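Structure assessment
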Amino acid sequence: MARNETPAEKLDFIRQIVAEDRRTGKWDGRVITRFPPEPNGYLHIGHAKSICLNFGIAAEFGGRCHLRFDDTNPTKEEAEYVESIQQDVRWLGWDWGEHLYFGSDYFQQMYDWAVQLIQAGKAYVCDLTAEQTRDYRGTLTEPGRESPWRHRSIEENLDLFERMKNGEFPDGSRTLRAKIDMAHPNLNLRDPVMYRILHAAHHRTGDAWCIYPMYDWAHGLEDSIEGITHSICTLEFENHRPLYDWFLDALGVHHPQQIEFARLNLTYTVMSKRKLLRLVQEGHVRGWDDPRMPTISGMRRRGYSPEAIREFCRVIGVNKFNSTVDVQLLEHCLRQDLNKTSPRVMAVLRPLKVVIENYPDGQVEELEAVNNPEDPSAGTRKVPFSRELYIEQDDFMEEPPKKFYRLAPGREVRLRYAYFVTCTDVVKDADGRIVELRCTYDPATRGGDAPDGRKVKATLHWVSAEHAVDAEVRLYEHLFTKENPEEVEEGRDFTANLNPDSLQVLTGCKAEPSLARAKPLERFQFERLGYFCVDPDTAPGRVVFNRTVTLRDTWAKVRQKDDQ
RNA sequence: UGGGGAAUGGUGUAAUGGUAGCACAACUGACUCUGGAUCAGUUAGUCGGGGUUCGAAUCCCUGUUCCCCAGCCA
């Protein structure tokens, strides 16, 4: 590398393979990948890793990436998922162009190829029941036994297979199997099932078929038909690669390279479709798009940006061993993006009324506030200031500890973009609870600067009481109390670690008037509090925000340490 | 006890026989009209044991630990 060149970003092991293949011309320079979800559930952050890998590689190497629905099991798949998956991939920022495919579109071609394998003596119709098949398969340490139907004539196999297709036999009565090796140490090679009989309506092919191909048979064919060069999948398919290769070799068709990588695991969450489904079905969350869910739709509703998710997928890297990424890394990527892009506004979550005693009753000033200090082009806006305001309850302490430098009796602080104010009195109710603060302001500090150069230690956010819009704010914490939700006592499951405080709903929050017009999915930073996103539950007269993530909070850390 | 994979700070990753680097987290400090952001710094790692080599995270031997596989799911 020349001295002045910046070093190229380190390639992960998959990109190294692709780069090498391009260099050697293995696929004539083509790079064709695919993201092949089964439409049986919603996409989650783990899928995002795979999506970014496949679409990312295609984009980086001048290739293309197909979106292909691997819809070979009509009993589990629904059109609803096909729609949500497309929406999520698109939202993440990827484009498959013309290349939207369905495994079910290849059913006829797959059938013809199966016939070809039968003719070559490499597949046979087996009459064993599911239970018998399992029994004949043997175990991890003992070889299996050959099916009594293994040596049927080619003619009989052809006839039976056609009749399977024609619907002459009931579900489960027969299968088509590859004739490989019942003693193979890799159980996947012990005469794997290629077709099962399923009299079920398919979301796309309807009743056209009553035999459906198994994953191992179908997947490689789908890849082959589409001319995929690099078939990237997760680690658990490593054991299946010999079978992937066997089928393609037996047919002598285009043979992509299967490459496996490790799934994503995240602390404080679960990632399997099965477990996410349970959370939904058992009502632990409000649905697939509950903002606490690691689903793409949940994260979108929570306020995540596609950019943040893509950056996260980039920095976590790709490898072949299981690892669990600290959810704080995800939040770091989130804050990094939101900090650059989110307009700042002021909102008070737990209002405490403040009366500025020396401020003229009825007077309203429009003060200028910066929309985004990280982005000058975002401009400024006007915020109304008046005699009665709300500040955050947490921003006042009657008896402040040494490191607390917000408002306290007799202390002066700045109200952001407004004035310096000094607390002169504390009003309490009959139970001794603080209900109101009386303050004075210094008119000379208008805009937030003191001409005499005096300093204050804190700047508080605030909202004019008269102009405030009421809002509901939903605060979220981790769905689980343990880093690893699977860590449970004997006989319990991950639901035992559900965090009872993962959702806290605040009503009567006060937001600056500009927020009255906020639209669903719009993102803001509430100054000093965190990033918030308008929830779709928002309706005229009812503004609802989700807290996406808090700002880093060193005061919270100090307080926590002092508590210990 | 069969077969297939894999082990680098607390976490995620680089280094492909030649100075163990980066990021997150944690901790200091500077700055600040967000206790935000930013900036500077600190702590901390090659699974164990042998070997080859001038030199090993990397090669060899050996041990240990972890993951995946016995669906007519994908």
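Residues numbered from 1 in each chain as written. Chains lettered and ligands numbered in written order. Predicted model: local features only at pLDDT ≥ 70, side-chain atom pairs only at ≥ 80, totals over all residues. Heavy atoms only, no water.

Description of the sheet that holds strand 5 (residues 175-178)
Backbone hydrogen bonds hold the strands of a sheet together, and the pairing may be parallel or antiparallel. Pairing is antiparallel in the open sheet, where four strands are placed in the order 4-5-6-7. Each having just a single partner strand, strand 4 (123-126) and strand 7 (211-213) make up the two edges of the open sheet. On average, adjacent strands in this sheet sit at an angle of 20° to one another, irrespective of strand direction. In terms of strand pairing, strand 4 meets strand 5 through four bridges, oriented antiparallel. If you follow Ala 123 over to strand 5, its bridge partner there is Ala 178. Across the sheet, helix 4 (residues 107-119) lies against strand 4, strand 5, strand 6 (193-197) and strand 7, angled at about 120° from strand 6, the strand it touches most. (Pairing = 2+ DSSP bridges. Helix = DSSP H or I, 4+ residues; strand = E, 2+ residues; numbered from the N terminus. Axes fitted to C-alpha atoms, helices over the stretch in contact; angles between N-to-C directions. Contact = heavy atoms within 4.5 Å.)

As for the protein's contact with RNA strand B
Within the structure, RNA strand B sits among 68 residues, and Arg 344, Arg 406, Arg 414, Gly 447 and Gln 525 are positioned closest to it. Contact between RNA strand B and His 240: a base nitrogen at 3.3 Å from a side-chain N or O atom of the residue. Asn 319 has a polar side-chain atom sitting 3.2 Å from a phosphate oxygen of RNA strand B. Of all the secondary-structure elements, those providing two or more residues to the surface near RNA strand B are helix 5 (130-137), strand 6, strand 11 (324-325), helix 12 (327-341) and helix 13 (554-563). Residue classes in the surface near RNA strand B are distributed as 20 nonpolar, 24 polar and 24 charged. (Near = heavy atom within 4 Å. Polar contact = N/O pair within 3.5 Å; in protein donor to acceptor, adjacent residues only side chain to side chain. Nonpolar A, V, L, I, M, F, W, Y, C, P; charged D, E, K, R; others polar.)

Digging into the state of the cysteines
In total, this model carries zero disulfides according to the counting rule given. As a non-bridged cysteine, Cys 313 has Cys 52 as the owner of its nearest cysteine sulfur, 3.9 Å distant. Judged by its relative accessible area of 8%, Cys 313 falls in the buried class. (Disulfide = S-S within 2.5 Å. Buried < 20%, exposed > 50% of the residue type's maximum accessible area, 1.4 Å probe, protein only.)

A closer look at the packing of aromatic side chains
Throughout the structure, instances matching the rule amount to 23 aromatic pairs. Plain terms: the ring middles of Phe 526 and Phe 532 are 4.0 Å apart, the flat faces sit at 15° to each other, and that makes the pair stacked. Residues Phe 526 and Phe 532 agree in their burial class; the two are buried. Ring geometry for Phe 526 against Phe 545: centres 5.0 Å apart, planes inclined by 75°, an arrangement best described as edge-to-face. In this pair, Phe 526 is assigned in strand 25 (residues 523-526) and Phe 545 in strand 27 (residues 543-550), connecting sequence segments 19 residues apart. Taken as a pair, Phe 526 and Phe 545 share a single burial class, namely buried. (Phe/Tyr/Trp six-rings, centres within 6.5 Å; stacked < 30°, edge-to-face > 60°.)

Quick notes on helix 1 (residues 13-24)
Along its twelve residues, helix 1 runs 17 Å from first to last C-alpha, staying within 8% of the 16 Å computed at 1.5 Å per residue. Residues of helix 1 that are buried: Ile 14, Arg 15, Val 18 and Asp 21. Down the axis of helix 1, the smallest arc covering the buried residues is 120°, so these residues share one side. Packed against the buried residues of helix 1 are helix 2 (45-60), strand 8 (230-234) and strand 9 (257-261). The residue sitting at the N-terminus of helix 1 and contributing the capping side-chain oxygen is Asp 12; that oxygen lies 2.9 Å from the backbone nitrogen of Ile 14. (Expected span 1.5 Å × (residues − 1). Arc of directions from axis to C-beta.)

A few points about the pairing of strand 9
Counting buried positions along strand 9 gives four out of five residues, so the element sits mostly inside the fold. In this structure, strand 8 lies alongside strand 9, joined through five bridges in parallel fashion. Within strand 9, the position partnered with Cys 233 by the bridge is Glu 260. Each parallel crossover has a hand, and the one from strand 8 via helix 8 (residues 241-251) to strand 9 is right-handed. (Right-handed = clockwise from strand over helix to strand, strands pointing away.)

Some thoughts on the pattern of salt bridges
A full pass over the atoms with the stated rule returns 50 salt bridges. The closest approach of N and O atoms between Asp 159 and Arg 163, which form a salt bridge, is 3.1 Å. Here the residue Asp 159 and the residue Arg 163 both occupy positions in helix 6 (residues 154-165), the gap between them amounting to four residues, near one helical turn. In this structure, the salt-bridge partner of Arg 301 is Asp 289, at a minimum N-O distance of 3.3 Å. Placement of Arg 301 in helix 10 (residues 296-302) and of Asp 289 in the loop between helix 9 (273-281) and helix 10 is noted, with a sequence separation of twelve residues between them. With a relative accessible area of 31%, Asp 289 lands in the partly exposed category. (Salt bridge = Lys/Arg side-chain N within 4 Å of Asp/Glu carboxyl O.)

As for the nonpolar core
Ile 45, Ile 51, Phe 55, Val 89, Leu 266, Ile 309 and Phe 312 are the most contacted members of the largest nonpolar core, which totals 38 residues. For this core, the secondary-structure elements that each account for two or more residues are helix 2, strand 2 (64-69), helix 3 (79-91), helix 10, helix 11 (306-315) and helix 12. By residue number, the principal contributor to this core is helix 2, which donates six residues. Residues lining this core come from more than one domain, with at least three contributed by each of domain 1 (13-263) and domain 2 (273-343 + 471-563). Counting 35 residues, the second-largest nonpolar core is a separate cluster that includes Phe 107, Ile 180, Ala 218 and Ala 250. (Core = buried A, V, L, I, M, F, W, Y, C linked by side-chain atoms within 4.5 Å. Domains from an automatic or database assignment.)

Some thoughts on the sheet that holds strand 19 (residues 420-428)
Pairing is mixed in the open sheet, where seven strands are placed in the order 21-18-19-20-14-17-22. Since the sheet does not close on itself, it has two edges, and those belong to strand 21 (459-460) and strand 22 (463-464), each with one partner. Where strand 14 (residues 351-356) and strand 17 (residues 388-392) come together, five bridges link them in antiparallel fashion. Bridged to Pro 351 within strand 17 is Glu 392.

Examining helix 9
Inspection of helix 9 places Lys 275, Leu 276, Leu 279 and Val 280 among the buried residues, and these make up the whole buried set. Mapping the buried residues of helix 9 onto a view down its axis gives an arc of 145°, with all of them on the same face. Of the residues in helix 9, the exposed ones pointing more than 90 degrees away from the buried face are Arg 274 and Gln 281. Within two residues after helix 9, Gly 283 carries a phi angle of roughly 75°, on the positive side.

A closer look at the domain arrangement of chain A
According to the domain assignment, chain A consists of domain 1 (13-263), domain 2 (273-343 + 471-563) and domain 3 (347-461). Spacing between the C-alpha centres of domain 2 and domain 3 amounts to 29 Å. Each side of the interface is counted separately: domain 2 has 23 residues, and domain 3 has 25 residues. Both faces considered, domain 2 and domain 3 share a buried interface measuring about 2000 Å² in area, 54% of it formed by carbon and sulfur atoms. Remark: the boundary between domain 2 and domain 3 carries three salt bridges. Taking the shortest distance from any N to any O, the salt bridge between Arg 381 and Glu 512 comes out at 2.7 Å. At the surface where domain 2 touches domain 3, the tally comes to seven residue pairs in polar contact (both at pLDDT 80 or more). Among the secondary structure elements, those contributing two or more residues to the side of domain 2 that touches domain 3 are helix 12, strand 23 (469-476), strand 24 (503-511) and helix 13. Per-element accounting of the side of domain 2 that touches domain 3 gives the leading share, six residues, to strand 24. (Buried area = accessible area lost by both parts, 1.4 Å probe.)

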